[in-house]
Amino acid sequence: MPTKMKKLNVKTRLKGIKTLDQFLEYVKTFLDMNDNTIAKEDLIDALHTVFTNISDDEVNDVVNKLTNEGVKFVSNAKKPKILVLVESPTKVAKIKGFLEEGHPEDEFEVLASVGHITKIANRGKNNLGIDTETMTPIFINDRSKTKQINAIKKAGKKADLIILASDPDREGEAIAWHLKNLFDGENKNIKRMTFDEITKEAVLDAFDHLREIDMDLVNAAISRQMLDKIIGFLVSGVLQKATGLLSAGRVQTPALKLVVDRDREIKAFEEIKYKRIKVIDESKNIHLDLNKDDEGLLINKPDTYYLVPPKDEEVLDALTEDYNCVDYKGTEFETRSFKPYSTAGLLQDGFTKLRLSAAQVTMSAQKLYEEGLITYIRTDSQRYSDDFIHEAKNYIAKNYKEELFAYPLKPKGKQANTQDAHESIRPTHISDAPWLVDHKLENDLQKRVYNLIWWNTLKSLMHGPSGVNHRWTFDNNGYEFKQSWQEVKNLGYQELSIDKSDENIELDDNDEIVVKNNETAPQLAQDKGFVIKIDPSKIVEEDAKTSPPNMYNQASLIRELKKLGIGRPSTYNPILSKLQDRSYVKYHKGKPIQVERFGYIADDYLYKEFPEEFNLDYTAEMEETLDKIAEGKMEYKPWLKNIYDNLSVKVVEEKEKAVEESDEICPKCHEGHLVFIRSYFNRGRGCSNFPITGCSYREYEQSDGSWKEYVIPEKTDEDDKPKKKTIKKRKTTTKKKKPATKKAK
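A quick note: this is a predicted structure, and the numbers were derived from the prediction, not measured.

K.L.:
Mind laying out the overall build of the protein chain, listing which residues take part and the relevant values?
P.N.:
What the protein chain contains, in helices and strands, is 22 helices and 23 strands. In terms of C-alpha radius of gyration, the protein chain reaches 37 Å, well past the compact-globule figure of 27 Å for 745 residues. In terms of principal-axis extent, the alpha carbons of the protein chain reach across some 130 × 85 × 55 Å. Residues counted as buried form 45% of the 745 residues belonging to the protein chain. Summarising the internal contacts of the protein chain: among those between residues at least 6 apart in sequence, 73% fall at separations of at least 24. Accessible area of the protein chain: about 41,300 Å², with a carbon and sulfur share of 48%.

Encoded structure:
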């Protein structure tokens, strides 16, 4: 077909045509020159022009006759131009392809904003960029996004419809709102489109269900931005004045509190050495553990007491060879260690199973989402869609065993402050097994993260090992002993053949490795009311000692934050990054978090002076309030106004106190006091009289904690020599003159 459809020349070529046969003869000549193709609208217009009284039936007869002769009809109507705006450039080609394939009648242009295009300005009172009377933020365009903004505005001028397809969360809704504001006053048709996975089906379904921007979600996102800036800027300012440190944050500070408190608890821990008493008869697979003393008290528990000499000798002396079974219970069990991934769950397993940092997991997962391989990665949800469960059920029946399929576990209770707007993180299609998509992945990190998600999803939809838990209780002269045995009757997902793409690490809720149970049954009746005799030589006394609580690692800290309702899926990684960037903590691959000296200083000051503002429960309540704003149940401005008014008064008082409490005399002028000054390197101090007398004394903290005066380098002769100015010539471009066209003679 020609690149540009020619039109039937109605005014000149058709003037001499009197009959329908003559008309068709001309049309055939036209078709020979146009690849047997014609615009249907042009044909109909031409018929009505030549034959003014022609009926619709006669027109249809002509169209049908040409159709039967193999003529190709096209439309010369102008295609509607649709501009689709996404966040990431890597999504552009894929989404454009899906839309063009599904709607060839439309002309699509897809551009990326590359995240937020605006930010709250750093100006005004306390550089907050907020009108603190009306609690209205002052947004400015991000200079780094000028190129994207100009391209979007230019494309928008030509578009008949603008679709905002930023990510399906509060931040994405805010980005969509800011993008819409670029076209204020232009009377543009602008709609919102969201999808949880970048597949043809999901994108086309979203295109068929366009909606307006949800201003409740926008308000929640803006409220979070304002709240974080109010608390962060105000408190960070006084923290710098009082300690020389730069950063406090609404969520960052409570996270620091958790790790500092745990570190202090570990350092203050005093171990207790104690004794364990067991009865072991390997020939009968009997392993009895002393559980209670002759007064019915639990032994070796922090709430009761630990067995230490000479109490252990008393117990040993009292034991006989007769063990009377006073109770037996057999209860069915099934272990389901694999659960649908929330953001927190993926980050925890990424750290614990793959030994990857939260940042590494997040970046790899984001890329997998943009490539259309997994669903949206920021979610609190632990559920799958019914369609996906049905797809997985068929896949398991076809590739494994039908009876292995099990519906995913539902989370126990309602997780604190859970946002359940999206599905769990899963492969877009369970049929995309790791060995089938390996060639699509860029690096080993992406491969390992995808494999982790795929295998977790598959096993979360399978039965786990199941059977019967047997528990016996024995009495020996008033002392209680316990014996347990787990009888596994069905291995469930543990029977799967190990594939090299599967890390094959199964963890319980405490990150302890779950291993296949190969225990042999003890020679005990599955009943009560019997007595076994065991020689006293089988009694074993073991040395033991108490252990401090485990220090948080990145995975367990995220789990604790989620449990407390602090932070959101989009904030876990930034929280961890900020703590390390400010030298409050240090991370080591696969190891516990190390608290740094500055972390202690910041925590001590912030929780001494601002205990209510960073209280863990109060921080969680803020998240609940933001949820209410997102649901349209609460106005955000009065809430923020109250927080600002109370905090700003306290900050002023603390700043004055910080200066007053400085008692070190300036070693240069001997009049002023040393106060902390703003420094982005090490902590710095300067003379308090600098604004008054100009005393320029400065000193900076060294790596060993000592302070060293900063001395301005003396000028050398070279510095006094006038430097030759280099003039950078500006490139000029001149338009080439078009060659003159000769006039026709």
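More follows now that the structure is in view.
K.L.:
Describe the sheet that holds strand S14 (residues 466–476), listing the residues and the values that go with them.
P.N.:
An order of S16-S13-S14-S15-S12-S11-S17 is seen for the seven strands of this open sheet, with the pairing classed as antiparallel. With partners counted over all chains shown, the strands left at the sheet margins are strand S16 (531–533) and strand S17 (539–545), one partner each. Strand-to-strand twist across the sheet, computed as the mean angle between neighbouring axes with direction ignored, equals 35°. Bridge analysis of strand S13 (residues 322–334) against S16 gives three bridges, and the strand direction is antiparallel. For Tyr323, the partnering residue across the bridge sits in S16 and is Ile532.

K.L.:
Got a sec to walk through the sheet that holds strand S9 (residues 161–164)? Specific residues and values, please.
P.N.:
On the basis of which strands lie adjacent, the open sheet formed by four strands has the order S4-S3-S9-S10 and parallel pairing. Looking along the sheet, the strands with just one partner apiece sit at the ends: strand S4 (107–112) and strand S10 (190–192). Going from strand to strand, the sheet's axes swing by 20° on average, the running direction of each strand aside. Where strand S3 (residues 81–86) lies against S4, six bridges are found, and the strand directions are parallel. Across the sheet, residue Val84 finds its bridge partner in S4, namely Val110. Each of S3, S4 and S9 is contacted by helix H5 (residues 146–158), which is oriented at about 160° to S4, the strand it contacts most. Sitting on the sheet, helix H6 (residues 170–181) is in contact with S3, S9 and S10, with an inclination near 175° to S10.

K.L.:
Explain the confidence of the model for the protein chain to me, and be specific about the residues and the numbers.
P.N.:
The share of residues in the protein chain with pLDDT of 70 or more is 92%, and the mean pLDDT across the chain is 89. Scored below 50 in pLDDT, residues 1–5 makes nine contacts in the model with residues more than four places away or belonging to other chains. Taken as a whole, residues 725–745 scores under 50 in pLDDT and shows zero contacts with residues more than four places along the chain or in a different chain.

K.L.:
Account for the pairing of S9, naming residues and giving values.
P.N.:
The alternating pattern of S9 places Leu161 and Ile163 on one face and Ile162 and Leu164 on the opposite face, and all of these are buried. Note that S3 and S9 share four bridges and pair parallel. Residue pairing for S9: Leu83 is matched across the bridge by Ile162. Here three bridges tie S9 to S10, and the two strands are oriented parallel to one another. Across the sheet, Ile162 pairs through a bridge with Ile190, a residue of S10. Note on the crossover from S9 through H6 to S10: the handedness is right-handed.

K.L.:
Hey, could you go over the layout of surface pockets for me, with residue numbers and the actual values?
P.N.:
By volume, the second largest pocket is sized at about 840 Å³. In this structure, the second largest pocket is lined by 27 residues; those nearest its centre are Lys339, Gln348, Gln382, Asp509 and Arg559. Every element with two or more residues in the lining of the second largest pocket is listed here: helix H11 (343–354) and helix H16 (554–564). Sorting elements by how many residues they give to the lining of the second largest pocket places H11 first, with five residues. When its residues are assigned to classes, the lining of the second largest pocket shows seven nonpolar, eight polar and 12 charged.

K.L.:
Any chance you could break down the pattern of salt bridges for me, citing the residues and the numbers?
P.N.:
Within the structure shown, the criterion is met by 45 salt bridges. The partner of Glu212 in a salt bridge is Lys191, and the shortest N-O contact between them spans 2.3 Å. With Glu212 in the loop between helix H7 (200–207) and helix H8 (215–243) and Lys191 in strand S10, the pair connects residues that are 21 residues apart, well separated along the chain. We note a salt bridge from Arg685 to Glu699, for which the minimum N-O separation is 2.5 Å. Placement of Arg685 in strand S21 (residues 684–687) and of Glu699 in strand S22 (residues 698–701) is noted, with a sequence separation of 14 residues between them. The exposure class of Arg685 is buried, given its relative accessible area of 10%. On the accessibility criterion, Glu699 (5% relative accessible area) is buried. Salt bridges sharing partners connect three or more residues here, namely Arg224, Asp228, Arg250 and Glu623.

K.L.:
Got a sec to walk through empty space enclosed by the protein? Specific residues and values, please.
P.N.:
Under the defined criterion, the tally for this structure stands at two cavities of 30 Å³ or more. In terms of lining residues, the largest cavity is bounded by Phe338, Tyr341, Lys353, Asn451, Leu452, Trp455, Asn456, Lys459, Asp502, Glu503, Asn504 and Ile505. The element best represented in the lining of the largest cavity is helix H15 (residues 444–460), accounting for five residues. Residues belonging to the lining of the largest cavity are distributed by class as follows: five nonpolar, three polar and four charged.

Calculation notes
Residues take numbers from 1 onward in each chain, read along the sequence in its written order. Residues qualify for local features only when their pLDDT is at least 70, as the model is predicted, and side-chain atom pairs are given and counted only at 80 or more; totals for whole chains, interfaces and linings, by contrast, use all residues. To obtain the side-chain values, all non-hydrogen atoms of the structure were used and water was disregarded. Where helices and strands are cited, they refer to DSSP runs of H or I of at least four residues and of E of at least two residues respectively, numbered from the N terminus. As defined in this context, the radius of gyration uses C-alpha atoms, and a globule is described by 2.2 Å times the residue total to the power 0.38. Relative accessibility under 20% of the residue-type maximum defines a buried residue, over 50% an exposed one, and the middle range a partly exposed one, all with a 1.4 Å probe and only protein chains included. Only heavy atoms enter the contact rule, under which two residues are in contact if any of them lie within 4.5 Å. Residue burial considers only the protein chains on display, and all accessible areas are found by Shrake-Rupley using a 1.4 Å probe. Criterion used throughout: strands pair if DSSP finds at least two bridges between them. Axes, fitted as lines to C-alpha atoms, cover a helix only where it is in contact. Angles between the N-to-C directions of the axes lie from 0 to 180 degrees. Each residue carries a pLDDT score, the predictor's confidence in it, ranging from 0 to 100. Whether a crossover is right-handed comes down to one check: with the strands pointing away from the viewer, does the path from the first strand over the helix to the second run clockwise; if it does, it is right-handed. A pocket here means an open set of points on a 1 Å grid, computed over the protein atoms alone, that has protein on both sides within 12 Å along at least five of seven lines. A cavity is instead a set of points where a 1.4 Å probe fits but cannot get out; residues with an atom within 4 Å of a point line either one. Grid points are joined across faces, edges and corners, and a volume is the space filled by probe spheres set on the points. Classification convention: Asp, Glu, Lys, Arg as charged; Ala, Val, Leu, Ile, Met, Phe, Trp, Tyr, Cys, Pro as nonpolar; all other residues, Gly among them, as polar. Each reported salt bridge corresponds to a side-chain nitrogen of Lys or Arg within 4 Å of a carboxyl oxygen of Asp or Glu.

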